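Coordinate analysis (summary)
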Amino acid sequence: MSTGDSSPLRLAVTGAAGRMGREVLDAAVDREDVVVVLAVNRSETEPIAGVAIDPAAEFADRLGDADPDAVVDFTGPASTLEYADACAEADVALVTGTTGFSEDGLATLRETASSVPLLKAANFSRGIAALRRAVREAVTALPGYDIEVTETHHNGKRDAPSGTAHTILEDIEDVRSDLSPADRVHGREGDAPRESAEIGVHARRAGDIIGEHEVLLADNHETVELTHRSGDRGVFAAGALDAAVWLAGRDAGWYTFDDVIDES
Ligand code: NAD
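The residue numbering used here restarts from 1 in each chain and proceeds along that chain's sequence as written. Totals for whole chains, interfaces and linings use all residues, but because this is a predicted model, local features are given only for residues with pLDDT of at least 70 and pairs of side-chain atoms are given and counted only at 80 or more. Excluded from the side-chain calculation are hydrogens and water; included are all heavy atoms of the structure.

1. Digging into the sheet that holds strand β2 (residues 34-41)
Test applied: Note on pairing: DSSP must find at least two bridges between two strands before they are called paired. Only DSSP runs of H or I covering at least 4 residues are called helices, and only runs of E covering at least 2 are called strands; the numbering of each starts at the N terminus. Between two residues, a contact is recorded if the distance between any of their heavy atoms is within 4.5 Å. Helix axes are fitted to C-alpha atoms over the stretch in contact, other axes to C-alpha atoms as well, and angles between N-to-C directions run from 0 to 180 degrees.
Spatially, 7 strands are ordered β3-β2-β1-β4-β5-β6-β12 in an open sheet, and the strand pairing comes out parallel. Edge strands, defined here as strands with exactly one partner in the open sheet, are β3 (54-55) and β12 (253-255). In this structure, strand β5 (residues 93-96) lies alongside strand β6 (residues 117-120), joined through 3 bridges in parallel fashion. What sits directly across from Thr96, in β6, is Lys120. The strands touched by helix α2 (residues 59-66) are β1 (9-14), β2, β3 and β4 (70-73); relative to β2, the strand with the most contacts, the crossing angle is about 160 degrees. Across the sheet, helix α4 (residues 103-112) is in contact with β5, β6 and β12; its angle to β6 comes to roughly 145 degrees.

2. Side note on helix α6 (residues 163-175)
The line we're drawing: One fewer than the residue count of a helix, multiplied by 1.5 Å, yields its expected span. Here the term buried applies to any residue with accessible area under 20% of the maximum for its type, exposed to any over 50%, and partly exposed to those in between, with areas from a 1.4 Å probe on protein chains only.
Relative to the 18 Å expected for 13 residues at 1.5 Å per residue, α6 spans 19 Å between its end C-alpha atoms, a close match to the ideal helical length. Residues of α6 that are buried include every one of Gly163, Thr164, Ala165, Thr167, Ile168, Leu169, Asp171, Ile172 and Glu173, and no others. In this structure, the buried side of α6 is in contact with α5 (126-141), β7 (146-153), β8 (184-186), β9 (199-205) and β10 (212-219).

3. Comments concerning the pairing of β7
Burial runs high along β7: 7 of the 8 residues are buried. Inspection of the sheet shows β7 paired to β10 by 7 bridges, in the antiparallel sense. Bridge pairing links Glu151 to His213 in β10. Here 7 bridges tie β7 to β9, and the two strands are oriented parallel to one another. Directly across from Val149, in β9, lies its bridge partner Val201.

The following block contains the structure:
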């Protein structure tokens, strides 16, 4: 594993032919601080951004020869856990943007972080990091206000609500001690009046929308709406690559995108 000198980061990319994998490869080949040494995908694929794509089944075997400093992974929870195992075995740092883990899956990932540096973020956008900080501040300043969280994504997204919405909900519950995950109400139907200790959660799926998150706070004859809209997946790819450059060479442990932002 690299110890953080000025040579380019040796990068491996998983899920390389996915929506995010392609963005990561496109962004990586344009950067001077990163060189792609391995890219894999579950299904066979033509080169992307001039990078050859290997079968995912060969990932663990290829790690030794490719000798990456870090892996950037945007796949699915089951695949990410397999890649995390391979990273732990080969002593390679892992940055994962995959969402939708079960509690057990998250616990397994945290175990991996005891042997290699592992950075997990449900969202690699700096704007979302700013939104989260603004939400915490608004929730603190508006005690007891009704809160509704709405996210909107493209019609191919699998998990709902989004990983980012989960993170925002955790932030809200952290600030509001009267609210817990048990108070989340996912959509409403029929005779469903709102309780005061409730957070409404709404997941919309439509077209090719990249990602929108809105937090509505209302009470006292006023409303506050905090909204973030992603205009291009390249934002997430750039953030994930920044995270990989930042992570490689660090001590084993669990890191978040906030750690990257706080130090850069
Ligand atoms: P996608 O379906 O377009 O791509 C997933 C890719 O992973 C596909 O190419 C698929 O073939 C591949 N894949 C799945 N299992 C694999 C395996 N075992 N080996 C190799 N490749 C495998 O999905 P996407 O839109 O790119 O999103 C991927 C993940 O990233 C999702 O969990 C999504 O929620 C998350 N995401 C996170 C962020 C963020 O900023 N953290 C941003 C966008 C998407």
